[in-house]
Amino acid sequence: MKLRSKAAALLLLALAALLLALLSLRARGARHPGAPARPAPAPRHPPSPVPAHPPGPRVIPGAAGPRAPRRRPPRPRLRSGRRGAASLEKLARRPGESKSLHAVMPPELWIHLAVVACGDRLEETLVMLKSAILFSRRKIHFHIFTEDALKPEFDKQLRQWPASYTKKFEHTLYPITFSVGNPQEWKKLFKPCAAQRLFLPVILKDVDSLLYVDTDVLFLRPVDDIWKLLRQFNSTQLAAMAPEHEIPKTGWYSRFARHPFYGSAGVNSGVMLMNLTRIRSAQFKISMLPTGLAWEDMLLPLYQKYKNAITWGDQDLLNIIFYFNPECLYVFPCQWNYRPDHCMYGSNCKEAEREGVSVLHGNRGVYHDDKQPTFKALYEAIRDFPFQDNLFQSMYYPLQLKFLETVHTLCGRIPQVFLKQIEKTMRRAYEKHVIIRVRPNTR
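Chemist: Report on the overall build of the protein, specifying residues and quantitative values.
Modeler: A count of helical and extended segments in the protein gives 17 helices and 9 strands. Excluding contacts between residues fewer than 6 apart, the proportion of contacts in the protein whose partners are at least 24 apart in sequence is 73%.

Here is the structure:
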(Lines give C-alpha, C1' and ligand atoms only; values in the text may rest on other atoms or scores of the structure.)
Protein backbone atom coordinates (compact mmCIF):
# COMPACT_ATOMS: atom_id res chain seq x y z
CA MET A 1 0.00 0.00 0.00
CA LYS A 2 2.84 2.36 0.83
CA LEU A 3 4.47 1.78 -2.53
CA ARG A 4 1.21 2.44 -4.35
CA SER A 5 0.64 5.66 -2.35
CA LYS A 6 4.16 6.90 -3.15
CA ALA A 7 3.72 6.11 -6.83
CA ALA A 8 0.39 7.94 -6.93
CA ALA A 9 1.92 10.97 -5.24
CA LEU A 10 4.83 11.09 -7.67
CA LEU A 11 2.40 10.82 -10.58
CA LEU A 12 0.31 13.69 -9.26
CA LEU A 13 3.43 15.84 -8.80
CA ALA A 14 4.54 15.11 -12.40
CA LEU A 15 1.10 15.96 -13.76
CA ALA A 16 1.04 19.22 -11.76
CA ALA A 17 4.51 20.22 -13.07
CA LEU A 18 3.46 19.44 -16.64
CA LEU A 19 0.28 21.51 -16.23
CA LEU A 20 2.24 24.47 -14.86
CA ALA A 21 4.66 24.28 -17.77
CA LEU A 22 1.83 24.28 -20.31
CA LEU A 23 0.13 27.24 -18.64
CA SER A 24 3.41 29.16 -18.65
CA LEU A 25 3.97 28.50 -22.37
CA ARG A 26 0.42 29.63 -23.18
CA ALA A 27 0.83 32.83 -21.22
CA ARG A 28 4.10 33.71 -23.01
CA GLY A 29 2.52 32.88 -26.40
CA ALA A 30 -0.34 35.29 -25.68
CA ARG A 31 2.02 38.13 -24.76
CA HIS A 32 4.54 37.56 -27.66
CA PRO A 33 3.00 35.71 -30.57
CA GLY A 34 5.55 33.72 -32.48
CA ALA A 35 8.32 34.44 -29.92
CA PRO A 36 10.88 31.78 -29.01
CA ALA A 37 10.26 29.53 -26.02
CA ARG A 38 13.22 30.90 -24.05
CA PRO A 39 12.58 34.32 -22.54
CA ALA A 40 14.70 37.08 -24.12
CA PRO A 41 17.03 38.95 -21.78
CA ALA A 42 15.98 42.45 -20.78
CA PRO A 43 17.49 45.13 -23.07
CA ARG A 44 20.16 47.35 -21.58
CA HIS A 45 18.80 50.44 -23.42
CA PRO A 46 15.21 51.44 -24.17
CA PRO A 47 14.02 49.90 -27.44
CA SER A 48 13.65 52.06 -30.55
CA PRO A 49 10.12 53.35 -31.11
CA VAL A 50 8.11 51.24 -33.52
CA PRO A 51 5.96 52.95 -36.14
CA ALA A 52 2.30 52.78 -35.27
CA HIS A 53 0.12 50.49 -37.36
CA PRO A 54 -3.63 50.04 -37.44
CA PRO A 55 -4.70 47.60 -34.70
CA GLY A 56 -5.04 44.04 -35.89
CA PRO A 57 -7.46 41.31 -34.74
CA ARG A 58 -7.37 40.32 -31.09
CA VAL A 59 -5.09 37.35 -30.31
CA ILE A 60 -6.66 34.51 -28.43
CA PRO A 61 -4.29 32.71 -26.00
CA GLY A 62 -3.19 29.44 -27.42
CA ALA A 63 -4.05 30.35 -31.02
CA ALA A 64 -1.44 30.59 -33.72
CA GLY A 65 0.07 34.09 -33.86
CA PRO A 66 -0.27 36.30 -36.97
CA ARG A 67 2.42 36.21 -39.60
CA ALA A 68 5.14 38.78 -39.17
CA PRO A 69 4.74 41.69 -41.65
CA ARG A 70 7.19 41.77 -44.53
CA ARG A 71 9.70 44.58 -44.53
CA ARG A 72 9.56 46.64 -47.74
CA PRO A 73 12.89 47.46 -49.34
CA PRO A 74 13.81 51.12 -48.95
CA ARG A 75 12.87 53.34 -51.89
CA PRO A 76 15.82 54.64 -53.90
CA ARG A 77 16.78 58.22 -53.16
CA LEU A 78 18.23 60.76 -55.57
CA ARG A 79 21.97 60.85 -55.27
CA SER A 80 23.45 64.03 -53.99
CA GLY A 81 26.68 65.60 -55.02
CA ARG A 82 27.84 67.07 -58.29
CA ARG A 83 26.56 64.34 -60.57
CA GLY A 84 23.15 64.26 -58.92
CA ALA A 85 22.80 68.02 -59.04
CA ALA A 86 23.81 68.08 -62.69
CA SER A 87 21.20 65.44 -63.50
CA LEU A 88 18.50 67.42 -61.72
CA GLU A 89 19.55 70.61 -63.49
CA LYS A 90 19.47 68.87 -66.86
CA LEU A 91 16.02 67.47 -66.06
CA ALA A 92 14.78 70.90 -65.06
CA ARG A 93 15.87 72.33 -68.39
CA ARG A 94 13.62 69.97 -70.32
CA PRO A 95 10.69 71.85 -71.86
CA GLY A 96 7.56 71.89 -69.74
CA GLU A 97 9.20 70.40 -66.65
CA SER A 98 9.67 73.49 -64.58
CA LYS A 99 7.32 76.41 -64.96
CA SER A 100 9.40 78.65 -62.75
CA LEU A 101 12.60 77.98 -64.70
CA HIS A 102 11.39 79.82 -67.79
CA ALA A 103 9.74 82.49 -65.69
CA VAL A 104 13.05 83.47 -64.11
CA MET A 105 15.25 82.87 -67.18
CA PRO A 106 17.63 85.84 -67.34
CA PRO A 107 17.27 88.04 -70.44
CA GLU A 108 20.76 87.18 -71.67
CA LEU A 109 19.56 83.61 -72.28
CA TRP A 110 16.61 84.68 -74.42
CA ILE A 111 16.49 84.30 -78.19
CA HIS A 112 16.30 87.61 -80.06
CA LEU A 113 14.30 87.53 -83.29
CA ALA A 114 14.02 90.56 -85.59
CA VAL A 115 11.69 91.22 -88.51
CA VAL A 116 10.94 94.23 -90.71
CA ALA A 117 7.30 94.57 -91.82
CA CYS A 118 5.86 97.32 -94.00
CA GLY A 119 2.92 97.66 -96.35
CA ASP A 120 0.61 94.63 -96.47
CA ARG A 121 2.89 92.28 -94.50
CA LEU A 122 0.97 92.34 -91.19
CA GLU A 123 -0.70 88.92 -91.47
CA GLU A 124 2.38 87.26 -92.95
CA THR A 125 4.52 88.57 -90.10
CA LEU A 126 2.07 87.38 -87.44
CA VAL A 127 2.01 83.88 -88.95
CA MET A 128 5.81 83.84 -88.90
CA LEU A 129 5.85 84.89 -85.22
CA LYS A 130 3.20 82.27 -84.48
CA SER A 131 5.33 79.52 -86.03
CA ALA A 132 8.28 80.68 -83.92
CA ILE A 133 6.38 80.57 -80.64
CA LEU A 134 4.43 77.34 -81.28
CA PHE A 135 7.47 75.11 -80.88
CA SER A 136 10.03 77.25 -79.02
CA ARG A 137 11.56 76.02 -75.78
CA ARG A 138 13.29 79.21 -74.66
CA LYS A 139 11.80 82.66 -74.31
CA ILE A 140 11.96 84.90 -77.37
CA HIS A 141 12.20 88.66 -77.63
CA PHE A 142 10.55 89.84 -80.85
CA HIS A 143 12.07 93.03 -82.30
CA ILE A 144 9.49 94.27 -84.82
CA PHE A 145 10.45 97.16 -87.10
CA THR A 146 7.36 98.57 -88.77
CA GLU A 147 5.52 101.65 -89.93
CA ASP A 148 3.62 103.74 -87.39
CA ALA A 149 0.27 102.78 -88.93
CA LEU A 150 0.87 99.07 -88.22
CA LYS A 151 2.13 99.35 -84.63
CA PRO A 152 -1.28 99.38 -82.86
CA GLU A 153 -2.48 96.31 -84.77
CA PHE A 154 0.72 94.37 -84.08
CA ASP A 155 0.42 95.16 -80.38
CA LYS A 156 -3.28 94.27 -80.28
CA GLN A 157 -2.91 90.95 -82.12
CA LEU A 158 0.07 89.73 -80.07
CA ARG A 159 -1.64 90.54 -76.77
CA GLN A 160 -4.69 88.50 -77.80
CA TRP A 161 -2.73 85.26 -77.96
CA PRO A 162 -3.42 82.80 -75.09
CA ALA A 163 -1.52 83.34 -71.85
CA SER A 164 0.26 79.99 -72.26
CA TYR A 165 1.98 81.48 -75.32
CA THR A 166 2.29 85.15 -74.37
CA LYS A 167 4.38 84.16 -71.36
CA LYS A 168 6.95 82.71 -73.77
CA PHE A 169 7.81 86.00 -75.47
CA GLU A 170 8.09 89.75 -75.21
CA HIS A 171 7.87 92.15 -78.11
CA THR A 172 9.21 95.61 -78.85
CA LEU A 173 7.99 97.79 -81.74
CA TYR A 174 10.46 100.10 -83.48
CA PRO A 175 10.02 102.79 -86.15
CA ILE A 176 11.75 102.52 -89.50
CA THR A 177 14.96 104.52 -89.16
CA PHE A 178 18.19 104.88 -91.12
CA SER A 179 21.14 106.44 -89.35
CA VAL A 180 23.09 107.49 -92.46
CA GLY A 181 22.21 108.67 -95.96
CA ASN A 182 18.78 109.54 -97.37
CA PRO A 183 16.03 107.64 -95.45
CA GLN A 184 13.61 107.69 -98.39
CA GLU A 185 16.26 106.28 -100.70
CA TRP A 186 17.06 103.48 -98.26
CA LYS A 187 13.36 102.74 -97.72
CA LYS A 188 12.70 102.28 -101.42
CA LEU A 189 15.75 100.09 -102.01
CA PHE A 190 14.26 96.84 -103.33
CA LYS A 191 11.21 95.91 -101.15
CA PRO A 192 9.68 98.47 -98.75
CA CYS A 193 11.83 98.91 -95.64
CA ALA A 194 13.93 95.81 -96.39
CA ALA A 195 17.18 97.80 -96.06
CA GLN A 196 16.36 98.29 -92.38
CA ARG A 197 18.12 95.00 -91.64
CA LEU A 198 21.45 96.59 -92.55
CA PHE A 199 21.10 98.97 -89.60
CA LEU A 200 20.16 96.44 -86.89
CA PRO A 201 23.66 96.32 -85.34
CA VAL A 202 23.52 100.11 -84.95
CA ILE A 203 20.00 100.28 -83.50
CA LEU A 204 20.00 97.23 -81.17
CA LYS A 205 23.08 98.27 -79.22
CA ASP A 206 22.13 96.25 -76.12
CA VAL A 207 21.54 92.97 -78.01
CA ASP A 208 24.48 90.59 -78.27
CA SER A 209 23.17 88.17 -80.94
CA LEU A 210 20.18 88.23 -83.25
CA LEU A 211 18.26 86.09 -85.71
CA TYR A 212 16.82 88.17 -88.55
CA VAL A 213 14.15 86.67 -90.84
CA ASP A 214 11.96 87.96 -93.63
CA THR A 215 8.22 88.14 -93.08
CA ASP A 216 7.63 85.16 -95.42
CA VAL A 217 9.57 82.70 -93.25
CA LEU A 218 8.02 79.79 -91.30
CA PHE A 219 9.72 77.77 -88.56
CA LEU A 220 9.02 74.04 -88.81
CA ARG A 221 11.10 73.22 -85.72
CA PRO A 222 12.09 75.17 -82.57
CA VAL A 223 13.90 78.45 -83.11
CA ASP A 224 16.28 77.17 -80.42
CA ASP A 225 17.84 74.81 -82.98
CA ILE A 226 18.98 77.45 -85.44
CA TRP A 227 20.05 79.67 -82.53
CA LYS A 228 22.52 76.94 -81.53
CA LEU A 229 24.42 77.50 -84.78
CA LEU A 230 25.90 80.61 -83.16
CA ARG A 231 28.09 78.23 -81.15
CA GLN A 232 29.65 76.93 -84.35
CA PHE A 233 31.12 80.30 -85.31
CA ASN A 234 34.90 80.39 -85.26
CA SER A 235 36.84 83.36 -83.89
CA THR A 236 36.41 85.51 -87.03
CA GLN A 237 32.83 84.69 -88.07
CA LEU A 238 30.12 87.17 -87.12
CA ALA A 239 27.15 86.31 -89.37
CA ALA A 240 25.59 83.24 -90.98
CA MET A 241 23.46 82.76 -94.11
CA ALA A 242 22.54 80.01 -96.56
CA PRO A 243 23.64 79.90 -100.22
CA GLU A 244 21.43 81.60 -102.77
CA HIS A 245 21.77 78.58 -105.08
CA GLU A 246 23.05 75.03 -104.69
CA ILE A 247 24.20 74.70 -108.32
CA PRO A 248 26.38 77.69 -109.32
CA LYS A 249 25.97 77.30 -113.07
CA THR A 250 22.20 77.78 -112.76
CA GLY A 251 22.35 80.47 -110.07
CA TRP A 252 21.32 84.08 -110.56
CA TYR A 253 24.49 85.68 -109.18
CA SER A 254 26.84 83.49 -111.18
CA ARG A 255 25.00 84.34 -114.41
CA PHE A 256 23.72 87.90 -114.06
CA ALA A 257 25.34 89.81 -111.19
CA ARG A 258 27.25 92.98 -112.12
CA HIS A 259 28.87 93.33 -108.70
CA PRO A 260 31.05 91.16 -106.42
CA PHE A 261 29.22 88.42 -104.45
CA TYR A 262 30.14 85.81 -101.87
CA GLY A 263 31.48 82.44 -103.00
CA SER A 264 30.46 80.80 -106.24
CA ALA A 265 26.70 81.38 -106.01
CA GLY A 266 26.11 84.18 -103.49
CA VAL A 267 24.12 84.02 -100.23
CA ASN A 268 20.46 84.65 -99.39
CA SER A 269 19.73 87.13 -96.57
CA GLY A 270 16.16 86.02 -95.79
CA VAL A 271 17.41 84.08 -92.75
CA MET A 272 20.47 85.62 -91.12
CA LEU A 273 22.17 84.93 -87.77
CA MET A 274 24.24 87.81 -86.46
CA ASN A 275 26.66 88.25 -83.59
CA LEU A 276 26.00 91.96 -83.17
CA THR A 277 28.75 92.45 -80.63
CA ARG A 278 31.35 91.22 -83.10
CA ILE A 279 29.82 93.24 -85.96
CA ARG A 280 29.99 96.45 -83.93
CA SER A 281 33.63 95.92 -83.02
CA ALA A 282 34.91 94.66 -86.41
CA GLN A 283 36.70 96.59 -89.12
CA PHE A 284 35.46 95.71 -92.63
CA LYS A 285 37.23 95.97 -95.95
CA ILE A 286 35.15 97.33 -98.83
CA SER A 287 37.87 96.98 -101.47
CA MET A 288 41.13 95.14 -101.85
CA LEU A 289 42.82 97.78 -99.65
CA PRO A 290 43.92 96.51 -96.21
CA THR A 291 42.32 99.36 -94.25
CA GLY A 292 38.86 98.80 -92.83
CA LEU A 293 35.74 100.66 -91.71
CA ALA A 294 33.22 100.13 -88.95
CA TRP A 295 29.87 98.64 -89.99
CA GLU A 296 27.90 101.91 -89.83
CA ASP A 297 30.65 103.87 -91.61
CA MET A 298 30.80 101.31 -94.40
CA LEU A 299 27.13 101.20 -95.49
CA LEU A 300 26.73 104.54 -97.23
CA PRO A 301 29.95 104.54 -99.30
CA LEU A 302 29.29 100.93 -100.28
CA TYR A 303 25.78 101.80 -101.44
CA GLN A 304 26.95 104.88 -103.34
CA LYS A 305 29.59 102.86 -105.15
CA TYR A 306 27.34 99.99 -106.26
CA LYS A 307 23.78 101.41 -106.30
CA ASN A 308 23.59 101.33 -110.11
CA ALA A 309 24.73 97.68 -110.24
CA ILE A 310 22.61 96.03 -107.55
CA THR A 311 19.28 94.30 -108.29
CA TRP A 312 18.25 92.72 -104.98
CA GLY A 313 18.96 95.73 -102.78
CA ASP A 314 20.26 95.04 -99.29
CA GLN A 315 20.97 91.37 -100.10
CA ASP A 316 23.35 92.46 -102.84
CA LEU A 317 25.11 94.82 -100.43
CA LEU A 318 25.57 91.98 -97.95
CA ASN A 319 27.02 89.82 -100.72
CA ILE A 320 29.49 92.59 -101.54
CA ILE A 321 30.47 92.98 -97.87
CA PHE A 322 31.22 89.27 -97.46
CA TYR A 323 32.96 89.08 -100.81
CA PHE A 324 35.60 91.39 -99.38
CA ASN A 325 35.37 89.79 -95.89
CA PRO A 326 34.77 86.06 -96.51
CA GLU A 327 36.39 85.03 -93.21
CA CYS A 328 33.52 86.76 -91.38
CA LEU A 329 30.72 84.55 -92.76
CA TYR A 330 29.49 81.15 -91.61
CA VAL A 331 27.44 79.35 -94.29
CA PHE A 332 24.71 77.03 -93.01
CA PRO A 333 22.88 74.37 -95.11
CA CYS A 334 19.87 75.06 -97.30
CA GLN A 335 17.47 73.25 -94.94
CA TRP A 336 17.60 76.42 -92.76
CA ASN A 337 16.44 78.61 -95.65
CA TYR A 338 14.40 76.37 -97.96
CA ARG A 339 12.86 78.23 -100.90
CA PRO A 340 10.81 77.26 -103.98
CA ASP A 341 14.05 77.26 -105.98
CA HIS A 342 15.07 74.13 -104.08
CA CYS A 343 12.24 72.02 -105.51
CA MET A 344 10.39 73.78 -108.37
CA TYR A 345 13.01 72.69 -110.92
CA GLY A 346 13.77 69.38 -109.18
CA SER A 347 14.99 68.63 -105.68
CA ASN A 348 18.43 70.14 -105.15
CA CYS A 349 18.74 70.59 -101.37
CA LYS A 350 20.35 67.37 -100.17
CA GLU A 351 20.31 68.39 -96.51
CA ALA A 352 16.52 68.81 -96.62
CA GLU A 353 16.16 65.39 -98.27
CA ARG A 354 18.08 63.85 -95.36
CA GLU A 355 16.91 65.98 -92.43
CA GLY A 356 13.72 67.64 -93.63
CA VAL A 357 13.01 71.36 -94.03
CA SER A 358 13.82 73.28 -90.84
CA VAL A 359 13.00 76.85 -91.93
CA LEU A 360 10.68 77.47 -94.88
CA HIS A 361 11.15 80.66 -96.89
CA GLY A 362 8.18 81.33 -99.14
CA ASN A 363 9.61 84.06 -101.33
CA ARG A 364 8.14 84.87 -104.76
CA GLY A 365 4.76 85.35 -102.99
CA VAL A 366 4.03 81.59 -103.05
CA TYR A 367 1.94 81.70 -99.85
CA HIS A 368 -0.67 83.81 -101.61
CA ASP A 369 -1.02 82.27 -105.08
CA ASP A 370 -1.44 78.79 -106.51
CA LYS A 371 1.96 78.41 -108.18
CA GLN A 372 3.44 76.35 -105.33
CA PRO A 373 0.51 74.77 -103.41
CA THR A 374 2.84 72.89 -101.05
CA PHE A 375 4.19 76.15 -99.62
CA LYS A 376 0.70 77.62 -99.46
CA ALA A 377 -0.63 74.56 -97.61
CA LEU A 378 2.01 74.91 -94.88
CA TYR A 379 1.34 78.62 -94.50
CA GLU A 380 -2.43 78.15 -94.19
CA ALA A 381 -2.05 75.24 -91.76
CA ILE A 382 -0.07 77.39 -89.32
CA ARG A 383 -2.19 80.48 -89.92
CA ASP A 384 -5.46 78.65 -89.22
CA PHE A 385 -4.25 76.49 -86.31
CA PRO A 386 -6.19 77.30 -83.09
CA PHE A 387 -3.57 77.83 -80.38
CA GLN A 388 -5.01 75.51 -77.76
CA ASP A 389 -5.88 72.60 -80.06
CA ASN A 390 -3.99 69.34 -80.47
CA LEU A 391 -1.15 69.81 -82.96
CA PHE A 392 -1.56 66.41 -84.60
CA GLN A 393 -5.33 66.55 -84.96
CA SER A 394 -5.70 70.20 -85.96
CA MET A 395 -2.52 70.77 -87.96
CA TYR A 396 -0.56 67.69 -88.97
CA TYR A 397 -3.36 65.42 -90.21
CA PRO A 398 -5.14 68.16 -92.24
CA LEU A 399 -1.75 69.09 -93.66
CA GLN A 400 -1.18 65.55 -94.86
CA LEU A 401 -4.54 65.62 -96.65
CA LYS A 402 -3.71 68.95 -98.31
CA PHE A 403 -0.40 67.55 -99.50
CA LEU A 404 -2.25 64.82 -101.40
CA GLU A 405 -3.65 67.59 -103.60
CA THR A 406 -0.16 68.87 -104.52
CA VAL A 407 1.40 65.72 -105.97
CA HIS A 408 1.04 67.09 -109.51
CA THR A 409 3.80 69.65 -108.74
CA LEU A 410 7.52 68.94 -108.39
CA CYS A 411 7.57 70.28 -104.82
CA GLY A 412 4.46 68.24 -103.96
CA ARG A 413 6.12 65.00 -105.06
CA ILE A 414 8.49 65.10 -102.07
CA PRO A 415 6.10 65.62 -99.11
CA GLN A 416 8.48 63.88 -96.70
CA VAL A 417 10.95 66.75 -97.17
CA PHE A 418 8.37 69.21 -95.83
CA LEU A 419 6.83 66.97 -93.17
CA LYS A 420 9.83 65.28 -91.57
CA GLN A 421 10.88 68.08 -89.21
CA ILE A 422 7.39 69.31 -88.43
CA GLU A 423 6.32 65.77 -87.51
CA LYS A 424 9.35 65.38 -85.26
CA THR A 425 8.67 68.76 -83.68
CA MET A 426 5.01 67.96 -83.02
CA ARG A 427 5.93 64.61 -81.52
CA ARG A 428 8.32 66.30 -79.12
CA ALA A 429 5.64 68.81 -78.18
CA TYR A 430 3.21 65.97 -77.52
CA GLU A 431 5.73 64.17 -75.32
CA LYS A 432 6.45 67.38 -73.44
CA HIS A 433 2.80 68.02 -72.59
CA VAL A 434 1.54 64.45 -72.13
CA ILE A 435 4.34 61.99 -71.38
CA ILE A 436 7.11 63.88 -69.62
CA ARG A 437 4.78 65.40 -67.07
CA VAL A 438 3.60 61.97 -65.92
CA ARG A 439 6.49 61.07 -63.65
CA PRO A 440 6.80 58.35 -60.98
CA ASN A 441 6.49 59.41 -57.36
CA THR A 442 10.03 59.66 -55.99
CA ARG A 443 9.14 60.58 -52.41
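Chemist: Lay out the pattern of salt bridges in plain terms, naming residues and giving numbers.
Modeler: The full count for this structure, using the stated rule, is 18 salt bridges. D314 is paired through a salt bridge with R197; the nearest N and O atoms lie 2.5 Å apart. Of this pair, D314 sits in helix α13 (residues 314-324) while R197 sits in the loop between α7 (183-187) and α8 (200-203), and the two are 117 residues apart along the sequence. A salt bridge links E327 to K285; the nearest nitrogen and oxygen atoms lie 3.7 Å apart.

Chemist: Talk me through the packing of helix α4 (residues 122-135) against helix α15 (residues 373-384); I want residue IDs and the actual numbers.
Modeler: One way to put it is that α4 packs onto α15 with a least axis distance of 9 Å and a crossing angle of 75 degrees. With respect to each other, α4 and α15 are oriented roughly perpendicular. Where α4 abuts α15, its residues E123, E124, V127, K130, S131 and L134 lie against Y379, I382, R383 and D384. Classifying every residue of the contact of α4 with α15 gives 4 nonpolar, 1 polar and 5 charged.

Chemist: Give a description of the sheet that holds strand β8 (residues 329-331) that names residues and reports values.
Modeler: In space, the 7 strands of this open sheet follow the order β3-β2-β1-β4-β7-β6-β8, with mixed pairing throughout. The open sheet has two free edges, formed respectively by β3 (169-174) and β8, since each of these has just one partner strand. Averaged over all adjacent pairs, the angle separating strand axes in this sheet is 25 degrees, with direction ignored. Examined bridge by bridge, strand β4 (residues 209-213) and strand β7 (residues 267-275) share 5 bridges and lie antiparallel to one another. The residue bridging S209 from the neighbouring strand is N275, located in β7. Together, β6 (239-243), β7 and β8 form the strand contacts of α13, whose direction differs from that of β7 by roughly 60 degrees.

Chemist: How would you sum up unusual backbone geometry? Please name residues and give values.
Modeler: Phi at R364 takes a positive value of approximately 65 degrees, unusual for a residue other than glycine. The residue R364 is located in the loop between β9 (359-361) and α15 in this model.

Chemist: I'd like to hear about the environment of E124, residue by residue, with values.
Modeler: Looking at the secondary structure, you find E124 in helix α4. On the accessibility criterion, E124 (6% relative accessible area) is buried. Between the alpha carbons of E124 and T215 there is a distance of 5.9 Å; along the sequence they are 91 residues apart. Polar side-chain contacts of E124 include one of 2.8 Å to the side chain of T215.

Chemist: I'd like a description of the environment of A239, backed by residues and values.
Modeler: Within the secondary structure, A239 is located in strand β6. Note on A239: relative accessible area 1%, which makes it buried. A sequence separation of 36 residues divides A239 from N275, and the C-alpha atoms of the two residues are 6.1 Å apart. Among all residues touching A239, those that are not within four sequence positions of it are F233, L273, M274, F322, C328, L329 and Y330.

Conventions used here
Residues numbered from 1 in each chain as written. Predicted model: local features only at pLDDT ≥ 70, side-chain atom pairs only at ≥ 80, totals over all residues. Heavy atoms only, no water. Helix = DSSP H or I, 4+ residues; strand = E, 2+ residues; numbered from the N terminus. Contact = heavy atoms within 4.5 Å. Salt bridge = Lys/Arg side-chain N within 4 Å of Asp/Glu carboxyl O. Axes fitted to C-alpha atoms, helices over the stretch in contact; angles between N-to-C directions. Parallel < 35°, antiparallel > 145°, perpendicular 65-115°, else oblique. Nonpolar A, V, L, I, M, F, W, Y, C, P; charged D, E, K, R; others polar. Pairing = 2+ DSSP bridges. Buried < 20%, exposed > 50% of the residue type's maximum accessible area, 1.4 Å probe, protein only. Polar contact = N/O pair within 3.5 Å; in protein donor to acceptor, adjacent residues only side chain to side chain.

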